[in-house]
Amino acid sequence: MDGLATLILWSHALAALLFAGVALSQLREGGTGLPRLTFILALLLTALWALAVAGIESTDGIPRLAESLRNLAWLGFMYALVRRDPRTPEHRAVAIIYGIVALVVLINAGLAVVWTMSAAGFVPEVATLRLALRMMVAISALVLVHHLYTAAAPAARGGIRLVVIALLAMWSVDLLLYLVAYASGTFPPVIVAGRGIVMAFAAPALLIAVQRNGDWTLHLSRTIAWQTLSFAATLLYAAAMVGATSVIAMLSGETARLWQTAFVVGSTATAVAILSSPRVRAWTKVKVAKHLFRHRYDYRTEWIRFTDTLGKPDDAAPLDARIIKAVADLTESPAGLLLVPEATGLGVGLGWNWEAPSAVAPAILARHLTETARIVELDPVRAGTAEPGEAATIPPWMLDGDGWVIVPLAHLDRLQGAILLARPPIDRSLDWEDFDLLRIAGRHVASYLAEARAQEALAEAQRFDEFNRRFAFILHDVKNLVSQLTLVARNAERHAENPAFRVDMVATLKDSAGRMNDLLARLSQHHRARADDLRPVALVELLERVAYAKRTQHPIAVSGDPALAAQADPVRLEQLLGHLVQNAIEASTAADPVDLSLETDAMHVTIVVADRGCGMTPGFVRDQLFKPFASSKPAGFGIGAFEAKQLAEAMGGHVLVDSQPGAGTRFRVCLPHAQMLVAAA
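As a starting point, this report considers the structure included with it. (Residues numbered from 1 in each chain as written. Predicted model: local features only at pLDDT ≥ 70, side-chain atom pairs only at ≥ 80, totals over all residues. Heavy atoms only, no water.)

Turning to the overall build of the protein, a few remarks are in order. Counting its secondary structure elements, the protein contains 22 helices and 13 strands. Here the protein, with 681 residues, has 43% of them falling under the buried criterion. Sequence-distant contacts in the protein: of pairs separated by 6 or more residues, those separated by 24 or more amount to 69%. (Helix = DSSP H or I, 4+ residues; strand = E, 2+ residues; numbered from the N terminus. Buried < 20%, exposed > 50% of the residue type's maximum accessible area, 1.4 Å probe, protein only. Contact = heavy atoms within 4.5 Å.)

Here we take up the pairing of strand S2 (residues 345-352). The side chains of a regular strand alternate, residue by residue, between the two faces of the sheet. Within S2, six of the eight residues are buried, which leaves the element mostly enclosed by the surrounding structure. Both strand S1 (residues 336-342) and S2 contribute to a ladder of six bridges, which runs antiparallel. Bridge pairing in S2 links Leu339 to Val348. When S2 meets strand S3 (residues 360-361), the two strands line up antiparallel, connected through two bridges. When the bridges of S3 are listed, Leu346 appears paired with Ala361. (Pairing = 2+ DSSP bridges.)

For the rest of this paragraph, the subject is helix H13 (residues 363-372). Three or more residues of H13 are buried, namely Ala363, Leu365, Ala366, His368 and Leu369. Count one or two residues on from H13 and you reach Ala373, which has phi positive near 55 degrees.

A few words now on the nonpolar core. Phe19, Leu43, Trp74, Met78, Leu167, Trp171 and Leu206 are the most contacted members of the largest nonpolar core, which has 64 residues in total. Secondary structure elements with two or more residues in this core: helix H1 (2-28), helix H2 (36-55), helix H3 (61-83), helix H4 (91-117), helix H5 (124-151), helix H6 (157-184) and helix H7 (189-212). Top contributing element to this core by residue count: H5, with 12 residues. Apart from the residues within four sequence positions on either side, Leu167 is in contact with Trp74, Met78 and Val145. Leu539, Leu576, Leu625 and Val655 belong to the second-largest nonpolar core, a separate cluster that totals 38 residues. (Core = buried A, V, L, I, M, F, W, Y, C linked by side-chain atoms within 4.5 Å.)

Below, the discussion takes up the environment of Val657. With respect to the helices and strands, Val657 occurs in strand S12 (residues 654-660). For Val657, a relative accessible area of 17% corresponds to the buried category.

Residues Leu7, Ile197 and Phe201 make up a contiguous nonpolar surface patch of roughly 300 Å² in combined accessible area. In this structure, Leu7 sits in helix H1. Judged by its relative accessible area of 38%, Leu7 is partly exposed. (Patch = residues over 30% accessible without salt bridge, like charges linked within 9 Å, V, L, I, M, F, W, Y side chains within 5 Å. Areas by Shrake-Rupley, 256 points an atom, 1.4 Å probe, with all protein chains shown as cover. Salt bridge = Lys/Arg side-chain N within 4 Å of Asp/Glu carboxyl O.)

Here we take up the packing of helix H19 (residues 539-549) against helix H20 (residues 570-587). Packed helices, taken two at a time, are described by the angle between their axes plus the distance between the axes. Following both chains from N to C, one finds H19 and H20 inclined at 50 degrees, their axes separated by 10 Å at the closest point. Relative to H20, the element H19 is oriented oblique. Both H19 and H20 take part in a crossing whose hand is right-handed. Contact with H19, carried on its side by Leu539, Leu542, Leu543, Arg545 and Val546, involves Pro570, Leu573, Glu574, Leu577 and Val581 of H20 and no other residues of that element. Residue composition of the contact of H19 with H20, grouped by class: eight nonpolar, no polar and two charged. (Axes fitted to C-alpha atoms, helices over the stretch in contact; angles between N-to-C directions. Parallel < 35°, antiparallel > 145°, perpendicular 65-115°, else oblique. Left-handed = near helix turned anticlockwise from the far one by under 90°. Nonpolar A, V, L, I, M, F, W, Y, C, P; charged D, E, K, R; others polar.)

A separate point is the pairing of strand S5 (residues 403-411). Of all the nine residues making up S5, seven are buried; the element is thus mostly covered by neighbouring parts of the structure. Bridge count for strand S4 (residues 376-377) against S5 is two bridges, and the pairing is antiparallel. Residue Val376 lies in a different strand from S5, and its bridge partner there is Ile406. Two elements, S5 and strand S6 (residues 414-422), share eight bridges in a ladder whose sense is antiparallel. Across the sheet, Leu409 pairs through a bridge with Gly417, a residue of S6.

Everything listed here is a matter of geometry and, on its own, says nothing about what the molecule does.
As structure tokens, this is what we get:
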């Protein structure tokens, strides 16, 4: 035992001498800037602490007070290292963390002073609390040292590595001593002596470190600041638990264990329930970013997350959904809606956590977003404080819901769409950082959309090429068939004995030959399809002809004013209606007839093709119906509706469709009015 006491004395005395020598060497070099002053102060207080342990009983209050001062000095040195870099924006967050740990150290120092001045000592519960506080200080100091090292720029870590090793060794041996003392109730002399030896080796390591490195500047990342803040909150919670359970132990007597367990379980469950709330997490993030950081966003982290969301593999969510989510995540918005170009306005596209409404955005909004590229806040529009010109562009359905902001997606001065974001859990007004980040993100995702649409157009062209190649093989057979039918028509005209039969057969064969020649010209690359012949067309007569041609397949009802006429090519119009009627027949049951009817307004005559069949989903109508090779039928080519739309537009008209799954479909072919003489019925 005497040998251990001697080892404790001489090891701590040697450590005191070495630390004092390092401090004097730094004083001789001059300079008063941080962190040199805090480093010298920490060296001197460490020397005084080692001297106190060497000259006084290790369980006395004076070494405990000196240890608290030593810990405060080293914490100040570490904080000075972090604070030295003026580019670090997390100074306030770091100050709070170090302040909390320093407060625990001061509480322990106060208890040491009371211990020194009290003759009666402490009750066991308070003595246990003191020991627990020392362990908490050692643990928190070790974590802060680790954060200090990981926060340093990679090039600067070599210069502070020896400092970090020395501090880790100092607080590690402290923690070991307190853990053993907490478990056994006494301070083992072997570990006390070992602590002196460790400190004696730590002093030369610090001297070598300062000789090798003259720049103590560190670069603290926001991630480290968040981790440190989380650790501080955990540390504060643990301190509160230790203090509360100690008070319960003093007041509750024999039932202390029961009350302590109930308090810890209840308070922990309450804390978990509060922290698991998305609203509480969002509120905490907003407040911390607002009051502790210079900027709202950690741009590097946000951009990595943004690009990761956009660049997920093809088997993930569709591109439109990934685009909405990537932009919504920037502002913590829980939902979003993609608006896509449609005619002259913006149609409602895919929604992310948002049920897409059956509505459209007016053309005036599309023009406003194209001309100004402004991000539109909806709350000022609701409050009546927005610019009148901008407020007039917003449709009412956007204001009735939970819409928060509209982000235009512009690429090369062309509007690729817009994103309507929902209000985040913690409502707030947009600031300049939000506008800048959303504007850049909008341009980036607009380039994704433009590239995707270009790829779709290229793929469509490739499919057309494949379609042409596929049908090139049948051109020869079709040509032979046309030749045969033409020959039959000539022979029948010359040899048929029945005049009525002959006339009917000749008309039928000539009509077939004409249609096949026209098809051959359209399919062949060496022929020109005939030009459109736009003239007034009696629509009821045309509808009856189409119905007659399909009479053997399905019942078709024709209705309408015989006087109505449209400016159209009768051959093309009959072909167009043939596609739509055939689709209606295939979608209907045998008992439900297809209806052909006419409507009119001041500018157009509308041909309605209606069935009561299976119908189509809004998504299929919006995204696939009028695209080539997209068909809901297993054996369909998906050409009919696409060609009908092309033919109608070539004649100056357009095609609209209304469809509901299970309720049927109505195609509406709108064509320009024509003035014509109508014979009396």
